[in-house]
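Chain and residue survey
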Amino acid sequence: MSFRRTRAMARKELLHIWRDPLSLGMAIAVPLMMLLLFGYALSLDVDRIPTLIHDDSRTSLSSDLISRFEGSRYFQIVTGPDAQLSIEDAIDRGKALMGVRIPYDFAEKLRQGETPEVQLIVDGSDSNTASIALGYGRSVVNTFSLERRSEAVARRGAGELTPVLDPRIRVWYNPELRSRNYIVPGLIAVILMIIAALLTSLTISREYELGSLELLLSTPVRPPEIVLGKMTAYFLLGAFDALVCVLVGVFVFGVPLRGSVFELALVTAIFMFGSLCWGLLISAAMRSQLLAYQVGILSSFLPAFLLSGFVYSIENMPAIVRAITHIVPARYFVALSKGIFLKGVSIWELWPDVLFLLLYALLVFAGATRQLHRKLA
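Remember, it's a predicted structure, so these values are computed and weren't measured experimentally.

Take the overall build of the chain next. A tally of helices and strands in the chain yields 15 helices and 4 strands. Total accessible area on the chain is roughly 20,500 Å²; 61% of this is exposed by carbon and sulfur atoms.

Written as structure tokens, this is what we have:
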């Protein structure tokens, strides 16, 4: 294999990218746009839940309970004309996600030592958000109930009511529970898969459609040199996109980078090599750019988005789908990037993931070279 021929092929591909502003703009603008949209628009945080409260008691005790909801950052009390709607109408019209109804005998039952009922009505059309909102609401009501019970016990002279357990909660790696810290590191895998699906999957199939593939037959360039040359151009483009993702994630979104920058660059390079070779394998196997593009989207971008743990937790997927995720390389890179970013772990602690990515890259490179050799032959 000649380094000179490989460099010439890489230069040719770089010139082609430079002279194609649409592909260059797509490779730079689309990942940056996705990063900004996902970083700002996509949020898994459930807070400021629109909540409508109907207080039929209208006492100091019910006002105290309402103030607990108003003082929590997880609830946003509906005010103005919308506050005059019934809870059912407010939920149906999308004005509220949760409703709280305090009964008229709320204060009287509390003073008599009885247990009043507080009704929580939640819009269950989004089951995940509804369950979280219901948990927040229960927590507010239970805390209020425990305080009132403690006061009642103290008034009887029975001493202070203390809980059986005193939980001390400590959240590691993401103390503020910000969804951006969870999303941005995994977004690098999706963006690199876009480069593989949208650009490299079209390179060889495009030359086949244009008839320039025959020119390669008359040159001494070998299939490994073609694969490495073409891949080098898009590798540089992908490295630029990965660098932009890291810089924007750290300095714009404030995602902590606790691990080694060198190790992050190493695993990114391995994953990017395998992804680009996969795009070239698809491009070498297909004779149509449209077909290569469709196969690239189905086999790279969609699995990276849906089956990598980037947004959707793999543990909550059905057993069959969980088994399929083990052959998705983005799954291992997402685990590595989040581990390096948030936990500061070394790649030696996650060596099985690194080994899988390395083996995947070598196998796909060999497959792309063999497929190209068959096509040129």
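Before going further, it helps to examine the pattern of salt bridges. Applying the stated rule across the entire model yields 4 salt bridges. Between K109 and D105 there is a salt bridge, with its nearest N and O atoms 3.5 Å apart. Among the residues examined, K109 registers a relative accessible area of 26% and is labelled partly exposed.

To continue, consider a nonpolar patch on the surface. On the surface, L32, L36, Y40, L243, L247, F251 and V252 cluster together to form a nonpolar patch covering roughly 690 Å² of accessible area. Elements represented by at least two residues in the nonpolar patch include exactly α2 (21-40) and α10 (223-251). Relative to the assigned elements, F251 resides in helix α10.

What follows concerns the packing of helix α11 (residues 261-285) against helix α14 (residues 329-343). When two helices pack together, their arrangement is given by the angle between the helix axes and by the axis-to-axis distance. As a packed pair, α11 and α14 sit with axes 10 Å apart at the nearest point and diverge in direction by 170 degrees. Our classification of the angle between α11 and α14 gives roughly antiparallel. Here E263, L264, V267, T268 and F271 of α11 come into contact with α14, specifically with P329, A330, F333, L336, S337, I340 and F341. Partitioned by chemical class, the residues of the contact of α11 with α14 number 9 nonpolar, 2 polar and 1 charged.

The biggest cluster of nonpolar side chains holds 69 residues, and the ones touching the most others in it are L35, L187, I188, F271 and F310. Within the residue set of this core, elements represented by two or more residues are α1 (3-18), α2, α7 (179-198), α10, α11, α12 (289-306), α14 and α15 (351-376). It is α7 that contributes the most residues to this core, 12 residues altogether. Leaving out residues up to four positions away in the same chain, F271 has contacts with A189, L192, M193, P329, A330, F333 and L357.

Looking at the element boundaries, S57 is found in the loop between β1 (49-55) and α3 (60-71). Here T59 takes part through its side chain, which lies 3.0 Å from a polar atom of the side chain of S57. Ignoring any residue separated from it by four or fewer positions in sequence, one finds S57 in contact with S62, I102, P103, Y104, F106 and A107.

This paragraph deals with the packing of α2 against α10. Orientation of α2 relative to α10, taken along the N-to-C sense of each, is 20 degrees, at an axis distance of 10 Å. Between α2 and α10, the angle falls in the class roughly parallel. The way α2 lies across α10 gives a crossing that is right-handed. Between α2 and α10, the contacting residues are L24, A27, I28, P31, L32 and L35 on the first element and L237, F240, D241, V244, C245 and V248 on the second.

With that settled, the discussion passes to the environment of P116. Relative to the elements of secondary structure, P116 occurs in the loop between α5 (106-111) and β4 (119-122). Sequence separation of P116 and I102 is 14 residues, and the distance between their C-alpha atoms is 8.9 Å. With near-sequence residues (within four places) excluded, P116 lies in contact with F106, K109 and L110.

Here we come to the pairing of strand β3 (residues 98-102). Judged by how many residues are buried, β3 sits mostly within the fold: 4 of 5 residues are covered. With 5 bridges connecting them, β1 and β3 associate as parallel partners. Opposite L52, over in β3, you have G99 as the bridge partner. Note that β3 and β4 share 4 bridges and pair antiparallel. Among the inter-strand pairings, V100 is bridged to a residue of β4, identified as L120.

Within the secondary structure, Y104 sits in the loop between β3 and α5. Judged by its relative accessible area of 67%, Y104 falls in the exposed class. With 48 residues separating them in the primary sequence, Y104 and D56 have C-alpha atoms 4.6 Å apart. For Y104, the residues in contact, after removing those within four places along its chain, are D56 and S57.

The rules we used
- Residues numbered from 1 in each chain as written.
- Predicted model: local features only at pLDDT ≥ 70, side-chain atom pairs only at ≥ 80, totals over all residues.
- Heavy atoms only, no water.
- Helix = DSSP H or I, 4+ residues; strand = E, 2+ residues; numbered from the N terminus.
- Areas by Shrake-Rupley, 256 points an atom, 1.4 Å probe, with all protein chains shown as cover.
- Salt bridge = Lys/Arg side-chain N within 4 Å of Asp/Glu carboxyl O.
- Buried < 20%, exposed > 50% of the residue type's maximum accessible area, 1.4 Å probe, protein only.
- Patch = residues over 30% accessible without salt bridge, like charges linked within 9 Å, V, L, I, M, F, W, Y side chains within 5 Å.
- Axes fitted to C-alpha atoms, helices over the stretch in contact; angles between N-to-C directions.
- Parallel < 35°, antiparallel > 145°, perpendicular 65-115°, else oblique.
- Contact = heavy atoms within 4.5 Å.
- Nonpolar A, V, L, I, M, F, W, Y, C, P; charged D, E, K, R; others polar.
- Core = buried A, V, L, I, M, F, W, Y, C linked by side-chain atoms within 4.5 Å.
- Polar contact = N/O pair within 3.5 Å; in protein donor to acceptor, adjacent residues only side chain to side chain.
- Left-handed = near helix turned anticlockwise from the far one by under 90°.
- Pairing = 2+ DSSP bridges.

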